[in-house]
Amino acid sequence: RADSAHLTYTPASASTDRTKITISAWVKKIGINHEQNIFHAGTSNNNRAMLRFYTSSGYDNISFAARTSGSWILQLNTTQKFRDTTGWYHIVARCDTTNGTANIYVNGEELTDFTTSTKPSGSQSLEWFNNSEHQIGQRGYDNTGYMNGYMAEINVIQGQALDASYFGYTEFQT
């Protein structure tokens with residue numbers, strides 16, 4: 001947590017289609033009990049989007065969220081806690097604002113219990129792929145929320161809302 005290693009990228013221009021996104025990442029947490037951003041976009045509290053470990057009561061849930069003009073248009077906060085610091089999690093989050101769908105998968109299983117479940121509607125544009133700074137392993141609007149752990153195989157796909165099966169097959173016997 002004391003390390004502030006992260007990656008940043010700012011697209012030269014905003015994409016014409018910011019209504020669909022899929023994020024896939026392998027994550028191994030080292031520490032718990034603080035916000036840990038996997039993928040974040042935006043440098044303003046009012047216009048941002050993120051996939052992170054976070055909740056206001058323990059910091060061990062997964063949150064997939066987007067805020068536009070100060071309003072949460074996407075907010076899925078899991079009830080399930082993710083406290084294992086010895087194993088890897090494969091996390092897939094997808095959103096399609098054109099049909100109002102958003103999902104989170106962990107290790108191939110779709111999560112369905114949320115403390116907050118707000119899904120977008122009306123083809124709203126997300127901050128991802130806007131011409132604002134994007135961060136892997138950090139929260140960009142105040143330069144905090146560093147990932148305390150390891151990340152691998154981070155895939156961010158614009159224009160498609162893909163489920164976990166797109167990224168591989170899990171052998172249930174092994």
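See above for the structure.
Here's what I pulled together on the structure shown here. Since this is a predicted model, take the numbers as computed values, not measurements.

1. Quick word on the overall build of the protein chain
Working step 1: In terms of helices and strands, the protein chain carries 0 helices and 12 strands.
Working step 2: Computed over C-alpha atoms, the radius of gyration of the protein chain comes to 15 Å, within 12% of the 16 Å expected from 2.2 N^0.38 for 174 residues, which places it in the range of a compact globule.
Working step 3: With the principal axes as the frame, the protein chain shows a C-alpha extent of 40 × 35 × 30 Å.
Working step 4: Across the 174 residues in the protein chain, those meeting the buried criterion constitute 45%.
Working step 5: Partitioning the contacts of the protein chain with sequence separation of at least 6, the portion at a separation of at least 24 is 70%.

2. Side note on the nonpolar core
Working step 1: If you look at the biggest cluster of nonpolar residues, it comprises 29 residues, and the most contacted ones within it are Phe53, Phe64, Ile91 and Trp128.
Working step 2: Listed by contribution, the elements that provide at least two residues to this core are β2 (20-29), β3 (36-44), β4 (47-53), β5 (62-68), β6 (71-78), β7 (89-96) and β8 (101-106).
Working step 3: Contact partners of Trp128, with chain neighbours within four places excluded, come to Arg18, Ile21, Ile23, Phe39, His40, Ala41, Ala49, Met50, Leu51, Phe64, Ala65 and His134.

3. Concerning the sheet that holds β4
Working step 1: The strand order across the open sheet formed by 7 strands is β1-β11-β3-β4-β5-β6-β10, and the pairing between neighbours is antiparallel. Where the open sheet ends on each side, the last strands, each with one partner, are β1 (7-9) and β10 (114-118). Pairs of neighbouring strands in the sheet enclose a mean axial angle of 15°, with direction left out of account.
Working step 2: Sheet topology places β3 next to β4; 6 bridges connect them, and they run antiparallel. Across the sheet, residue His40 finds its bridge partner in β4, namely Met50.

4. Quick look at the sheet that holds β8
Working step 1: The sheet built from 5 strands is open, its strands ordered β9-β8-β7-β2-β12 with antiparallel pairing. Strands at the two margins of the open sheet, each flanked by one partner only, are β9 (109-110) and β12 (149-158).
Working step 2: Inspection of the sheet shows β2 paired to β12 by 8 bridges, in the antiparallel sense. Following the sheet pairing, Thr22 is matched in β12 by Ile157.

5. Here we look at the packing of aromatic side chains
Working step 1: According to the stated counting rule, one finds 5 aromatic pairs in the structure shown.
Working step 2: Summarising the aromatic geometry, the rings of Phe64 and Trp128 are spaced 5.7 Å apart at their centres and angled 25° between planes, so their arrangement reads as stacked. Note that Phe64 is positioned in strand β5 and Trp128 in the loop between β10 and β11 (134-136), a separation of 64 residues in sequence.
Working step 3: The exposure class of Phe64 is buried, given its relative accessible area of 0%.
Working step 4: In this structure Trp128 comes out as buried when scored by relative accessible area, which is 1%.
Working step 5: Both rings, one in Tyr166 and one in Phe167, keep their centres 5.2 Å apart while their planes meet at 80°; by these two values the pair is edge-to-face.
Working step 6: By relative accessible area, Tyr166 is classed as exposed at 53%.
Working step 7: Note on Phe167: relative accessible area 23%, which makes it partly exposed.
Working step 8: Aromatic ring contacts, followed pair by pair, group Phe39, Phe64 and Trp128 into a single cluster.
Working step 9: Between Arg52 and the ring centre of Tyr54, over which it is positioned, the NZ or CZ distance is 3.9 Å.

6. Here we look at the side chain of Ser132
Working step 1: Looking at the secondary structure, you find Ser132 in the loop between β10 and β11.
Working step 2: Reaching out from Ser132, the side chain makes a polar contact with the side chain of Glu127 at a distance of 2.7 Å.
Working step 3: Each residue touching Ser132, except ones within four places of it in the same chain, is listed here: Tyr9, Thr10, Pro11, Gly42 and Glu127.

7. Notes on the environment of Asp113
Working step 1: Position of Asp113 among the secondary structure elements: in the loop between β9 and β10.
Working step 2: Distance from Asp113 to Asn77, taken between C-alpha atoms, is 8.5 Å for residues 36 residues apart in sequence.
Working step 3: Here Asp113 is in contact with Asn77, Thr78 and Thr79, once residues within four sequence places are set aside.

Conventions used here
Residues numbered from 1 in each chain as written. Predicted model: local features only at pLDDT ≥ 70, side-chain atom pairs only at ≥ 80, totals over all residues. Heavy atoms only, no water. Helix = DSSP H or I, 4+ residues; strand = E, 2+ residues; numbered from the N terminus. Rg over C-alpha atoms; globule rule 2.2 N^0.38 Å. Buried < 20%, exposed > 50% of the residue type's maximum accessible area, 1.4 Å probe, protein only. Contact = heavy atoms within 4.5 Å. Core = buried A, V, L, I, M, F, W, Y, C linked by side-chain atoms within 4.5 Å. Pairing = 2+ DSSP bridges. Axes fitted to C-alpha atoms, helices over the stretch in contact; angles between N-to-C directions. Phe/Tyr/Trp six-rings, centres within 6.5 Å; stacked < 30°, edge-to-face > 60°. Lys NZ or Arg CZ within 6 Å of the ring centre and 35° of its normal. Polar contact = N/O pair within 3.5 Å; in protein donor to acceptor, adjacent residues only side chain to side chain.

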